[in-house]
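Coordinate analysis (summary)
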Amino acid sequence: MADVAGNATSGRTGGTVEGTDDSTGGGTSGGTTGGPPRPPEPPGIAATGRVRQPAALIRLLAGLVVIALTLLSADYARATTNGLAEDVGGAAALVPHPLGGVATGLTTAALLLLPGCSAARRLLAPGTDRRHVLQQLADGVLAAVLAYGVTLLFALWIDGPAPFSLVSALTRPLPGAPLAHTEPVYGYLAPVLAFLTASAARERRVPWTVLTLSALAGIAAGAATPTALLLGVLIGWTAAHGTRWAVGTPDPRPRPGQLLHSLREAGLHPVSVTPNGPDRYLVRQRGDHPDLDVQLLDRQAVTAALVQRAWRRLRLRTAPHPRALRSLRTGLEHEALVSYAAVAAGVRTRPVAATAELGRDAALVAYRRLPGRTLDELADEEITDALLADVWGQLALLQRRAIAHRALVPSALLVDPAGAVHLVGLADGDIAAGELVLLSDIAQLLTTLALRTGAERSVRAAVSVLGPDAVAAALPLLQPIALARGTRAALKQAARRGAATTAPRVPPQRTGPESPAAAPADGPGPDLLDGIRAEVLRSRPQAPVRPVRLERLRPRTLLAVVGGVVAGWLLLPQLFATERNPIATVADADPFWLALAVLAAAAGHVAGAMGFVGFVPERLDFRNAVLAQVAGSFVKLVSPGGVGGVALNTRFLQRAGIPTAQALSSVGAGQLLGLVLHLLQLGAFVYLTGVEPGSSELDALPAVVGGLAAAGVLLASVSAVPPARRWLAARLRPLTAEVLPRLVELLRNPGRLAVGFTGQLLVSLTLIACLYCCARAVGQAPSFASVGVVFLVGNAAGNAAPTPGGAGFVDSALVTLLKLVPSMDEGGALAAVALYRLLTFVLPVLPGWAAFTWLQRRGAL
């Protein structure tokens, strides 16, 4: 639980509360009536402050999103919304008007009385902490005022600048008053619901019954639409959680007296409780009874990690189930079950002494306290080979019963005074765990121990206990994404320390397939994971080392989805808003110009291969280089902009036997010259659009020229400021240290350099020709120079977006700029861009996949 502690755990340090056997809890810390005065609770652990619960923020954001979706649905699905309102209104018309009026009056009165009755019931209940209840009621009043203000502002917006379509979807005309309509948010639903939610009212059945009857009465009387009722509920619920997050809520965590009382109810004998970390307590027991380590399961602390844990579960195949998606009782039962299973397996761990629920928002697990120190508290000389073997022996017991620990970090390895190792922190563990999860435990423990003892000792101890086959099977899981967050941070720190303390040296010569073993393996350095792999491969050279794909959903896949949604949002409305249907226009494209466009798109791959191999002094197979450029069309689907092409070309050179540094330099040299040629071509086409006979200037040209001038002024300004100049020099150091020397080397072979130069020049020209032919194929007649400016500006702007292939952004940029050409109409611009993207982005995917697979099978990728 320590990794999910948030604001709710701040300030909980220091202080000890003592009690007697007669303590009844409920906010007391000991003592009975007539006994000695109880000691005051230390401010460090008394639950008297306010906390901002992450759950309130999550619900606030969710409420805002649902309100926005409701308004969008009501606006865009007007026929459905109005049809539903008419059906409901027709059914309501069957209710006699006097009866509907009486029902509306009664339910409105009940609705207004509901907050007062709820407040009085809570204040007059026996044993109530009135101060705490008054704080909650004040929060409820604030939330009700906020909800009522929002409904008033919303009504003013509907009566004013709101679209008429939205007005008709949310309201109904009043009989006999054509210009008047019902309220867009019905009655007092929003403020009453906001009060009840923000004041943490425990009643559920009566309030929701009254709210439902009030809603039905409003519909029967024709005073509200279904959408208005839904908005009232959503605004009230959202305003309540917005208030709870903004001002905080009274700390719901149990007080020490409650902990003592719950432990006594469970049959234990506690006499004092002392905070011992976030949501952890040290409990002393009476007499010879052992002390206890109490872990508090706090709903708000668990919810603090909801987004992170849910995303990790969605992304990784080996991630644990998010605790925030479990009920508190389920989490309590799971933690106790894993602990009991570990004890039954013979593992040394803290046995569970008791479990208990502390109301709706907290529970506790009490463990028998084990004296000792964790691995991170031991000195280096105390970590002996026998201790390492004992650690692996305990893990072997878990593995034998298919129990996963999932958190084998230094704080989970407790060494008692006798030197025996205990595995603690099993809260995230699993029983009947799958093979991947069990292997990830081995990989995690290998890394944890190697950070303290070095790769050689960690692997040697693991092999001596688990055997070489079991350790070798974990190699595919030895990747940063499979390790705990703290372990990843420790690896980065070790890498920085290793880079700072290691003196420059001559790289070791690669003498054979086992040359990676030359990586440092005697301590935590920049290549610790490589050192672990090398040590394992010494005992099992045939062990699999290719990483297992652990990601279910990659961030770039999410970007692709977002890019597709953005593309649809931007382009689809335009398809139906133009006079000419671009889909029909593409279907009727001129076959001659369409064939030229296909040839230009195909020639772009050959030009790309020329621009690629021309900057590599070594000899390459030109056919494979062309296929690599075709394969880049497939890689675009899973990588933003030109990142995938750079990685693919670098991998191609590596498989051709070119060292990584030289491969990166060659690719970087080609990219650098391509950028220079891109700017030169842009300037040339800008000039040609101004002097070409019969051509019209693009309205965007002043902006382009102004942007280039602004970039030059910015570069000059940065160069004039010493700190900025040093920052720029640091960013350009790889260029001057690697790329420029590669270009100098290429000057010795002017023929190959000319091929690269020509290829980089033709890459842009072939794509411009493809776009121009697409425009001519759909019946447009722009100038070639104008299309060149549109392509060079739009493609650069769109590819800067972090979506695969610039999806959505390239299309929008090209359409927007192409519509500025006077000889192009809106439908023609859409049709030309759609046809161009079909030829250069969509159709090459299948050939690209085939080329990618073919090159992989032949070892070229």
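Residues numbered from 1 in each chain as written. Predicted model: local features only at pLDDT ≥ 70, side-chain atom pairs only at ≥ 80, totals over all residues. Heavy atoms only, no water.

Our focus in this paragraph is the packing of aromatic side chains. Tallying each qualifying case throughout the model produces 7 aromatic pairs. Consider the rings of tryptophan 593 and tyrosine 772, whose centres lie 6.0 Å apart with planes at 85°: the pair is edge-to-face. Residue tryptophan 593 is found in helix H21 (residues 591–613), and its partner tyrosine 772 is found in helix H27 (residues 750–777); the two are separated by 179 residues along the sequence. You can call tyrosine 772 buried: its relative accessible area is 15%. Note on tyrosine 772 and phenylalanine 784: the rings are 5.4 Å apart at their centroids and 70° apart in plane angle, and the pair reads as edge-to-face. With tyrosine 772 in helix H27 and phenylalanine 784 in helix H28 (residues 784–799), the pair connects residues that are 12 residues apart, well separated along the chain. (Phe/Tyr/Trp six-rings, centres within 6.5 Å; stacked < 30°, edge-to-face > 60°. Helix = DSSP H or I, 4+ residues; strand = E, 2+ residues; numbered from the N terminus. Buried < 20%, exposed > 50% of the residue type's maximum accessible area, 1.4 Å probe, protein only.)

Right, let's get into the sheet that holds strand E12 (residues 413–415). Spatial strand order, E11-E12-E13: 3 strands in an open sheet with antiparallel pairing. Each edge of the sheet is formed by a strand with only one pairing partner; in this case those strands are strand E11 (373–374) and strand E13 (421–423). Of the strand pairs in this sheet, E12 and E13 are connected by 3 bridges, and their pairing is antiparallel. Counted as the bridge partner of leucine 413 is leucine 423 from E13. Docked against the sheet, helix H13 (residues 385–400) engages E12 and E13, running at close to 35° with respect to E13. (Pairing = 2+ DSSP bridges. Contact = heavy atoms within 4.5 Å. Axes fitted to C-alpha atoms, helices over the stretch in contact; angles between N-to-C directions.)

The next point concerns the nonpolar core. Grouped together as the largest cluster of nonpolar side chains are 53 residues, with contacts concentrated most on Trp392, Leu413, Ile442, Leu445, Leu446, Leu449 and Ile532. When sequence neighbours within four positions are dropped, the list of residues in contact with leucine 446 reads Trp392, Ser458, Val459, Ala462, Val471 and Ile532. Ala600, Ala601, Ala777 and Ala832 belong to the second-largest nonpolar core, a separate cluster that totals 38 residues. (Core = buried A, V, L, I, M, F, W, Y, C linked by side-chain atoms within 4.5 Å.)

Our focus in this paragraph is helix H8 (residues 226–247). For H8, which comprises 22 residues, the first-to-last C-alpha distance of 32 Å matches the rise-based estimate of 32 Å (1.5 Å per residue) to within 8%. Trailing H8 by a residue or two, glycine 248 shows a phi angle of about 80°, which is positive. (Expected span 1.5 Å × (residues − 1).)

The subject of this paragraph is a nonpolar patch on the surface. A surface patch of nonpolar side chains, about 380 Å² in accessible area, is lined by Leu112, Tyr148, Leu152 and Tyr188. Its place among the elements puts leucine 112 in helix H3 (residues 97–124). (Patch = residues over 30% accessible without salt bridge, like charges linked within 9 Å, V, L, I, M, F, W, Y side chains within 5 Å. Areas by Shrake-Rupley, 256 points an atom, 1.4 Å probe, with all protein chains shown as cover. Salt bridge = Lys/Arg side-chain N within 4 Å of Asp/Glu carboxyl O.)

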